[in-house]
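# Examining the three-dimensional arrangement
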Amino acid sequence: MTSPPEDPTRMLGDDDRDTAVERLQEAYAEGHISHEELDERLQHALTARTRGELAPALASLPAQKAATASTIAVASGRIKRRGVWRVPRNLKVESAFGKVHLDLSRAVIEHPVIDIELQLGTGRARITVPRDAIVDVEGLHTGWKDVRYRARPSSRPGAPQIRISGAMGFGRLKIRHARR
């Protein structure tokens, strides 16, 4: 079944612009467009108001890679990822009872932005992020305890951005930056 064509007069939202900017940055990183062309296309994408106005900024880019998403779920027990592992663009972690430990310090991060959605009932969660990562926890709703996280004062350009969202019931999330 094919999807209906997109309406070029439909107004753009922030998510549409963010997706377009990410796609342009990936095309630049892969060498498909020059730095000057990236600047021009970003300007066009950020000022576009409709899908039709956005289309020229994304024209002639290679086909978009398939969405990379993964879900890790347990009813009770532990979820643990550490060492060298490939982090998907979207990671959903679900646990009703138990502990979660995600260590991204040595993980292979191929995307400029990683979205981690936590759906936790009770138990603790600990996430270790790369030393220079930028962490955003604005989308996370906690029921009982607050998130324990101290942001680093500065990051290098191109550092991975990790957005953590979702909901936690009766547990605590501790986020720390790797020391190495």
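Residues numbered from 1 in each chain as written. Predicted model: local features only at pLDDT ≥ 70, side-chain atom pairs only at ≥ 80, totals over all residues. Heavy atoms only, no water.

### Looking at helix 1 (residues 14-29)
The end-to-end C-alpha distance of helix 1, which contains 16 residues, comes to 22 Å, matching closely the 22 Å that a straight helix rising 1.5 Å per residue would cover. Of the positions making up helix 1, those classed as buried are Asp 16, Arg 17, Ala 20, Val 21, Glu 22, Arg 23, Leu 24 and Ala 27. Those residues of helix 1 hidden inside the fold are in contact with helix 2 (35-47), helix 3 (51-58) and strand 5 (113-129). Taken from the residues just after helix 1, Gly 31 is the one with a positive phi, measuring 85 degrees. (Helix = DSSP H or I, 4+ residues; strand = E, 2+ residues; numbered from the N terminus. Expected span 1.5 Å × (residues − 1). Buried < 20%, exposed > 50% of the residue type's maximum accessible area, 1.4 Å probe, protein only. Contact = heavy atoms within 4.5 Å.)

### Remarks on the pattern of salt bridges
Across all of its chains, the model carries eight salt bridges by this definition. The closest approach of N and O atoms between Arg 89 and Asp 115, which form a salt bridge, is 2.6 Å. One end of the pair, Arg 89, is in the loop between strand 2 (86-87) and strand 3 (90-103); the other, Asp 115, is in strand 5, and 26 residues separate them in sequence. Take Asp 115: its relative accessible area is 19%, and that puts it in the buried class. One salt bridge connects Arg 163 with Asp 115, and the closest N-O pair in it is separated by 2.7 Å. Of this pair, Arg 163 sits in strand 8 (residues 161-177) while Asp 115 sits in strand 5; the two residues are 48 residues apart in sequence, bridging distant segments of the chain. The exposure class of Arg 163 is partly exposed, given its relative accessible area of 26%. Taken together, the salt bridges that share partners define one network made up of Glu 22, Arg 89, Asp 115 and Arg 163. (Salt bridge = Lys/Arg side-chain N within 4 Å of Asp/Glu carboxyl O.)

### Side note on a positive patch on the surface
A cluster of basic residues, Arg 78, Lys 80, Arg 82, Lys 99, Arg 106, Arg 124, Arg 126, Arg 148, Lys 174, Arg 176, Arg 179 and Arg 180, forms a positive patch at the surface. Going through the elements one at a time, strand 1 (69-81), strand 5 and strand 8 are the ones with two or more residues in the positive patch. You can see Arg 180 is positioned in the segment after strand 8. (Patch = residues over 30% accessible without salt bridge, like charges linked within 9 Å, V, L, I, M, F, W, Y side chains within 5 Å. Areas by Shrake-Rupley, 256 points an atom, 1.4 Å probe, with all protein chains shown as cover. Lys, Arg positive; Asp, Glu negative; His and termini not counted. Charge placed at Lys NZ, Arg CZ, Asp CG, Glu CD.)

### Some remarks on the nonpolar core
With 25 residues, the main nonpolar core has Leu 104, Ile 116, Leu 118, Ile 127, Ile 164 and Leu 173 as its most contacted residues. Contributing elements (two or more residues each) for this core: strand 1, strand 3, strand 5, strand 6 (134-142) and strand 8. Per-element tally for this core: the top contributor is strand 5, with seven residues. Dropping the residues within four chain positions of it, Ile 127 is found in contact with Leu 102, Leu 104, Leu 118, Ile 164, Leu 173, Lys 174, Ile 175 and Arg 176. Listed in part, the 14 residues of the second largest apolar core include Ala 20, Ile 33, Leu 38 and Ala 48. (Core = buried A, V, L, I, M, F, W, Y, C linked by side-chain atoms within 4.5 Å.)

### A closer look at the packing of helix 2 against helix 3
Look at helix 2 against helix 3: their axes get within 8 Å of each other, and the N-to-C directions meet at 170 degrees. If you check the angle between helix 2 and helix 3, you find them roughly antiparallel. In contact with Arg 41, His 44, Ala 45 and Thr 47 of helix 2, helix 3 contributes Glu 53, Leu 54, Pro 56, Ala 57 and Leu 58. (Axes fitted to C-alpha atoms, helices over the stretch in contact; angles between N-to-C directions. Parallel < 35°, antiparallel > 145°, perpendicular 65-115°, else oblique.)

### Thoughts on the layout of surface pockets
Reported here for the second largest pocket is a volume of approximately 280 Å³. As for the second largest pocket, its lining consists of Arg 78, Ile 79, Lys 80, Lys 99, Val 100, His 101, Arg 124, Ala 125, Arg 126, Arg 148, Arg 172 and Lys 174. For the lining of the second largest pocket, the elements supplying multiple residues, two or more each, are strand 1, strand 3, strand 5 and strand 8. (1 Å grid on protein atoms, 1.4 Å probe; cavity = no way out; pocket = protein on both sides within 12 Å on 5 of 7 lines; lining within 4 Å. Points joined across faces, edges and corners; volume = space filled by probe spheres on them.)

The analysis is restricted to geometry; functional conclusions fall outside its scope.
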